[in-house]
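If you want the building blocks of each chain, they are given just below.
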Amino acid sequence: MMIPASSAAADTMLLVPEPHMIPSSSSPTILLVQDDSDSKIETKPLLSRAFSYTSSSSSSSSSSSNFGKQQQRRRRIASENSLLSGAVEACRQDMGRAASDTYVVTRLSFTLLRYLGVGYRWIVRFLALGCYAVLLIPGFIQVGYYYFYSSQVRRGIVYGDQPRNRLDLYMPKNMNGPKPVVAFITGGAWIIRLTYKAWGSLLGQQLSERDIIVACIDYRNFPQGTISDMVKDASQGISFVCNKIAEYGEFANGTIRWGTYCYMCALLEQAIKEAGPERRASWSVSQIKAYFGLSGGYNFLKLVDHFHSRVHFGDIVLVLAQHNGRGTRSEAIAPEVMAQGINAKDAVSLLPPCVLFHGTADYSIPCDSSKSFADTLKSLGVKAECILYEGKTHTDLFLQDPMRGGIDDMLNDLITMIHGDNSETIRANSSPRKRLVPEFMLKMARSVSPF
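In this text, all values refer to a predicted model and were calculated from it rather than measured experimentally. Numbering of residues begins from 1 in every chain and follows the order in which that chain's sequence is written. Where totals are concerned, whole chains, interfaces and linings use all residues; where local detail is concerned, this predicted model gives features only for residues with pLDDT of at least 70, and gives and counts side-chain atom pairs only at 80 or more. Side-chain numbers here rest on the full set of heavy atoms in the structure, without hydrogens or water.

Novice: Which parts of the structure should I look at to understand the overall build of the chain?
Specialist: Put simply, DSSP marks the helices as runs of H or I at least four residues long and the strands as runs of E at least two long, and each gets a number from the N terminus on. Helix and strand counts for the chain come out as 14 helices and 11 strands. Throughout, exposure labels follow a simple rule: accessible area from a 1.4 Å probe, protein chains only, divided by the maximum for the residue type, with under 20% read as buried, over 50% as exposed, and the rest as partly exposed. Within the chain, buried positions represent 43% of all 451 residues. Residue contacts are counted whenever heavy atoms from the two residues lie within 4.5 Å of one another. Sequence-distant contacts, at least 24 apart, represent 75% of the contacts inside the chain between residues at least 6 apart.

Novice: Quick question: what am I supposed to make of the environment of Val 285 here?
Specialist: By the element assignment, Val 285 lies in the loop between helix H6 (261-275) and strand E9 (288-294). Residue classification places Val 285 among the buried residues on the basis of a relative accessible area of 1%. A C-alpha to C-alpha distance of 9.0 Å links Val 285 and Leu 268, two positions 17 residues apart in sequence. Not counting residues up to four positions away in its chain, the partners in contact with Val 285 are Leu 267, Gln 270, Ala 271, Glu 274, Leu 350, Leu 351 and Pro 352.

Novice: Would you mind going over the pattern of salt bridges with me for this structure?
Specialist: It is possible for side chains of opposite charge to pair when their charged atoms get near one another. Any Lys or Arg side-chain nitrogen located within 4 Å of an Asp or Glu carboxyl oxygen qualifies as a salt bridge. As enumerated under the stated definition, the model contains 12 salt bridges in all. Between Asp 211 and Lys 179 there is a salt bridge, with the nearest N and O atoms lying 3.0 Å from each other. Residue Asp 211 is located in the loop between helix H4 (201-208) and strand E7 (213-217), and its partner Lys 179 is located in strand E6 (residues 179-184); the two are separated by 32 residues in the primary sequence. Take Asp 211: its relative accessible area is 22%, and that puts it in the partly exposed class. The exposure class assigned to Lys 179 is buried, which follows from its relative accessible area of 2%. The residue Arg 220 makes a salt bridge to Asp 233 at a minimum N-O spacing of 2.8 Å. You can see Arg 220 sitting in the loop between E7 and helix H5 (227-244) and its partner Asp 233 sitting in helix H5, a full 13 residues away along the chain. Judged on exposure class, the residue Arg 220 and its partner Asp 233 are both buried. Taken together, the shared-partner salt bridges in this structure form one network comprising Lys 392, Asp 401, Arg 404, Arg 435 and Glu 439.

Novice: Please explain the side chain of Ser 369 as it appears in this structure.
Specialist: Along the chain, the position of Ser 369 falls in helix H10 (residues 368-379). Judged by relative accessible area, Ser 369 falls into the buried class, the value being 10%.

Novice: For this particular structure, what's the right way to read a nonpolar patch on the surface?
Specialist: Together, Val 134, Ile 137 and Ile 141 line one region of the surface with nonpolar side chains, adding up to about 270 Å² of accessible area. Mapped onto the elements, Ile 137 comes out in helix H3 (residues 137-149). A relative accessible area of 38% places Ile 137 in the partly exposed class. Patches draw on residues past 30% relative accessible area with no salt bridge. Two like charges within 9 Å are joined, as are two nonpolar side chains (Val, Leu, Ile, Met, Phe, Trp, Tyr) within 5 Å. Here the accessible surface of atoms and residues is derived via Shrake-Rupley with a 1.4 Å probe, and residues count as covered only by protein chains that are part of the display.

Novice: What's the story with the packing of helix H11 (residues 396-404) against helix H14 (residues 439-448) in this structure? I'm lost.
Specialist: The relative placement of two packed helices is expressed as an angle between their axes plus a distance between the axes. Fitted lines through C-alpha atoms serve as axes, helices being fitted only where they are in contact, and the angles separating the N-to-C directions of these axes extend from 0 to 180 degrees. One way to put it is that H11 packs onto H14 with a least axis distance of 10 Å and a crossing angle of 165 degrees. On the basis of their axis angle, the class for H11 and H14 is roughly antiparallel. Where H11 crosses over H14, the two elements pack in a sense that is right-handed. Counted together, Asp 396, Gln 400, Met 403 and Arg 404 of H11 and Glu 439, Leu 442 and Arg 446 of H14 form the full contact between these two elements. Classification convention: Asp, Glu, Lys, Arg as charged; Ala, Val, Leu, Ile, Met, Phe, Trp, Tyr, Cys, Pro as nonpolar; all other residues, Gly among them, as polar. Among the residues forming the contact of H11 with H14, the class breakdown is two nonpolar, one polar and four charged. Reported orientations rely on four angle classes, namely roughly parallel under 35 degrees, roughly antiparallel over 145, roughly perpendicular from 65 to 115, and oblique for the rest. Handedness of each helix crossing follows the sense of rotation of the near helix against the far helix: counterclockwise by less than a right angle gives left-handed, clockwise gives right-handed.

Novice: It is not clear to me how the packing of H3 against H4 should be interpreted in this structure. Could you clarify?
Specialist: Their axes nearest at 10 Å, the elements H3 and H4 cross at an angle of 70 degrees. The orientation of H3 relative to H4 falls into the category roughly perpendicular. Considering how the two elements wind past one another, H3 and H4 form a crossing that is left-handed. On the side of H3, the interface is formed by Val 143, Tyr 146 and Tyr 147, while H4 contributes Ser 201, Leu 202, Gln 205 and Ser 208.

Novice: Can you help me understand unusual backbone geometry in this one?
Specialist: Note on backbone geometry: most residues besides glycine have negative phi, and most peptide bonds are trans. Positive phi, close to 70 degrees, is recorded for Asp 211, a residue that is not glycine. Backbone geometry at Ser 295 places phi at a positive 50 degrees, although glycine is not the residue there. Along the chain, Ser 295 falls in the loop between E9 and helix H7 (304-310).

Novice: What am I meant to see in H3 here?
Specialist: In an α-helix, one turn spans 3.6 residues, which is why side chains three or four residues apart end up on the same side. With 13 residues, H3 extends 18 Å between its outermost C-alpha atoms, agreeing within 8% with the 18 Å of an ideal straight helix rising 1.5 Å per residue. Turning to H3, its buried residues are Gly 139, Val 143, Tyr 146 and Tyr 147. Buried residues of H3 fall within an arc of 100 degrees about the axis and therefore sit on the same side. Residues of H3 that are exposed and point over 90 degrees away from its buried face: Ile 141, Tyr 145 and Tyr 149. To estimate the expected span of a helix, count its residues, drop one, and scale the result by 1.5 Å. Here, the arc refers to the directions that run from the helix axis to the C-beta atoms.

Structure (structure tokens):
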């Protein structure tokens, strides 16, 4: 009978002595004797016990190392797949939201056309608007890329339960220490398509690069909502910024509001509430450090004839006056009249300093509108100022000048007022503003602009 030798892969080896097993003179060799034969069969030399143990340990260590690498590779692949699936899901949600917004905008645009009618002059204006947008496409593409792909932009934050109750936040790269906050809302004739929070992306980018948090607030427009709805949405957006912005980063020096009609109406209404017997509110006028108005109209009762001469606003103002959600009061479309009302006599003293920016070549809303409102506020004891920019149109201050790059007078004034003594340091540390659109295209856009 032959006793089989142990496998070389085994960790230990047991040799059982038998009568027929003859040990050889050299330990590494074993001679086995068969029963039926005197012939000797010499096996291959065995490895020593120490060498066998070392080899086993090395093999085990190598296997463990390979196993660890495989585990790391699996985890890395799983992480990459998770990130990819998350990006795909986020993209799918963005596309779904864009499709939904496009449907709503298209439906409401047709509703708006039923109110305004379609005539030769309106068609010409829409064609001019299309040409204007095409000429500025190089800038829109770059700003759009920043808006959708920058990690500094937090889009679509919900602040209310109504449609379009969303806002975008533009965060500075350096979030160390407190930052001032600018709450911005666009005008755009208060109608669908012309008023949208993404219009503030260019301003948001430039201010966030200069150590300022910017909140661009969207709100319902006509015919989706009335003037009362617009002011209510603006007030709710301000409340969110005043009370919730700390969740997104520290801030100091209060909130600075930048807007036109809706913001001023919301500010006046809030001041009236605080001056009245019922003072409870979700935010306070005292939380607002300053109000900046850009190319705003503050008494549309005086501007109706001018709007009719310019075609594109006259009918809108009349339609909005009929659907203001506040009855037929003139204050519904005239903050200047509202500020002079009996109810606002004590409330006006609560208003923060007001600075109104306007271009002297603004043909959409004449600069006299800002000058008149600033004079009214001053007469009521409010600290107010009107700053005029020679030769600037309605869109120069907001679109063409920022896309031109280089020195921007209004931006410099704004940075000085927000940062005060630190403004020079902020400007010195900011990257230079680059040109987004060639100069000849900017000049052509200005010449065809319907605004």
